[in-house]
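Residues per chain are reported as follows:
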Amino acid sequence: MGKMKLTRRQFVTTVTAGAGTIILGSVIKASPSESWAKMTDPFRKVTLGKTGIKTTLLGMGTGFSGYNRSSNITRAGVAESLIREAYEKGIRYFDCADSYGTHPYTRAALKGISRDNYTLGTKMWISSGGIPDQDKADAPVVIDRFRKELNTDYIDLVQLHCMTSGEWTDQQKRFLDGLENLKAKEIIRAHGVSVHSFEALEAAAASPWVDVIHVRINPFGESMDKKDPSLIVPVIEKMHKAGKGVIGMKLIGNGKFRNDSEKIDASLKYVLGLGTVDMLIVGFELPEQIDNYLGRMRKIPVA
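Computed from a predicted model, the values in this text were never measured in an experiment. (Residues numbered from 1 in each chain as written. Predicted model: local features only at pLDDT ≥ 70, side-chain atom pairs only at ≥ 80, totals over all residues. Heavy atoms only, no water.)

**Student:** I keep staring at the pattern of salt bridges and nothing clicks. Help me out?
**Tutor:** Oppositely charged side chains can form a pair if their charged atoms are brought close together. Applying the stated criterion to the full structure yields 20 salt bridges. Note that Arg84 and Glu88 form a salt bridge whose closest N and O atoms lie 3.3 Å from each other. Separated by four residues within a single helix, Arg84 and Glu88 lie in helix H3 (residues 79-89), roughly one turn from each other. Judged by relative accessible area, Arg84 falls into the partly exposed class, the value being 29%. When the shortest N-O distance is used, the salt bridge between Glu285 and Arg258 registers 3.0 Å. Highlighted residues: Glu285 in the loop between strand S12 (279-282) and helix H11 (287-297) and Arg258 in the loop between strand S11 (245-249) and helix H10 (261-274), separated in sequence by 27 residues. Overall, the relative accessible area of 38% leaves Arg258 in the partly exposed class. (Salt bridge = Lys/Arg side-chain N within 4 Å of Asp/Glu carboxyl O. Helix = DSSP H or I, 4+ residues; strand = E, 2+ residues; numbered from the N terminus. Buried < 20%, exposed > 50% of the residue type's maximum accessible area, 1.4 Å probe, protein only.)

**Student:** Even after reading the chapter, I still don't get the side chain of Asp156, so can you show me in this structure?
**Tutor:** Structurally, the position occupied by Asp156 is in strand S8 (residues 155-163). At 3.1 Å, the side chain of Asp156 and the side chain of Arg189 are in polar contact. Setting aside its immediate chain neighbours within four residues, Asp156 contacts Ile53, Arg115, Tyr118, Thr119, Leu120, Arg189 and Ala190. (Polar contact = N/O pair within 3.5 Å; in protein donor to acceptor, adjacent residues only side chain to side chain. Contact = heavy atoms within 4.5 Å.)

**Student:** Honestly, the sheet that holds strand S5 (residues 58-61) in this entry has me stumped. Any pointers?
**Tutor:** The strand order S5-S6-S7-S8-S9-S10-S11-S12 describes a closed barrel built from eight strands, whose pairing is parallel. Put simply, the sheet's adjacent strands are angled 25 degrees from each other on average, direction ignored. Here four bridges tie strand S7 (residues 119-124) to S8, and the two strands are oriented parallel to one another. Across the sheet, the residue bridging to Gly121 is Leu157, located in S8. Contacts between helix H5 (residues 139-150) and the sheet are confined to S7, S8 and strand S9 (188-195), with S7 contributing the most and set at about 135 degrees to the helix. On top of the sheet, helix H9 (residues 229-241) reaches strand S10 (212-216) and S11; it is set at about 165 degrees to S10, its chief contact. (Pairing = 2+ DSSP bridges. Axes fitted to C-alpha atoms, helices over the stretch in contact; angles between N-to-C directions.)

**Student:** Would you take a moment to explain the packing of aromatic side chains for this structure?
**Tutor:** For any pair of aromatic rings, the description consists of the separation of the ring centres together with the inter-plane angle of the planes. Across all of its chains, the model carries three aromatic pairs by this definition. The ring centre of Tyr154 lies 4.2 Å from the NZ or CZ of Arg115, which sits over that ring. (Phe/Tyr/Trp six-rings, centres within 6.5 Å; stacked < 30°, edge-to-face > 60°. Lys NZ or Arg CZ within 6 Å of the ring centre and 35° of its normal.)

**Student:** What is the right way to read the packing of H3 against H11 from this model?
**Tutor:** Any two packed helices are characterised by the angle at which their axes cross and by the distance between the axes. In the contact formed by H3 and H11, the axes pass within 9 Å of each other and the chain directions differ by 30 degrees. Between H3 and H11, the angle is such that the two are roughly parallel. In this structure, the crossing between H3 and H11 has a hand that is right-handed. Contact residues: Leu82, Glu85, Ala86 and Lys89 in H3; Pro287, Ile290, Asp291 and Leu294 in H11. Looking at the contact of H3 with H11 residue by residue, the classes come out as five nonpolar, no polar and three charged. (Parallel < 35°, antiparallel > 145°, perpendicular 65-115°, else oblique. Left-handed = near helix turned anticlockwise from the far one by under 90°. Nonpolar A, V, L, I, M, F, W, Y, C, P; charged D, E, K, R; others polar.)

On their own, these measurements won't tell you what the molecule is for.
In structure tokens:
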């Protein structure tokens with residue numbers, strides 16, 4: 001982002017200029033000024049930092065409004081069919097978590113597909129609440145359970161879920177060490193964290209242990225670690241330069257502007273334009289939303 005300050009109206013106008021009019025399930029052609037540009041391919045293969053993990057630019061989140069081992073798609077009874085639909089459309093990254101309760105649905109949805117054709121990410125809940133206390137064991141025990149639930153010999157990425165303390169790397173050291181040992185044994189390919197505070201974000205940026213991080217990012221400061229995105233962007237840049245994989249989440253403000261077409265387009269264009277976010281996660285709830293976002297991304301010029 002440049003040093004010139006823009007008003008919110010000017011910013012939205014700038015990032016949405018030329019994007020075209022987009023309606024759910026229908027995409028109008030890009031403006032003539034963009035017709036020559038190379039457009040974004042949502043299925044472009046990306047690498048998450050220095051991990052060697054290659055997957056699609058667009059991934060599917062399975063935990064929108066996820067808590068107590070359920071999410072909107074599990075409660076609606078569409079988790080298995082929607083995950084399978086996303087795979088058949090071309091998405092190859094599936095973001096799960098113990099607290100979402102989506103492991104068995106992901107396993108069923110991807111049954112019969114060669115394991116090397118998709119990427120699995122999941123998260124351990126180690127804070128209070130979230131899952132039953134008896135299930136909050138050390139990493140080897142928890143990851144063994146995850147592998148059985150997902151029917152896989154290995155998991156591509158395991159993260160600590162929803163860290164909020166600026167001291168989490170010290171406070172949770174036994175989990176960090178446990179996951180590091182599992183990576184050395186090739187039971188997991190990479191480890192990392194998702195954070196829900198600016199202090200935890202800065203700690204993740206400074207930690208050499210973090211291979212991949214989920215960051216909350218959109219141009220409106222909605223459901224983010226700071227209301228001002230200009231405070232988040234330099235931290236993302238620091239992580240990217242250090243070789244950490246960066247996964248963008250909360251692009252749609254935790255669903256708060258899911259029905260605002262202009263804001264959705266602005267957010268996608270903004271985050272893709274940063275050049276420091278490796279991939280995007282969207283929590284689809286309906287099959288038509290998958291096509292909708294594929295269409296939106298394909299109308300955004302490559303930065």
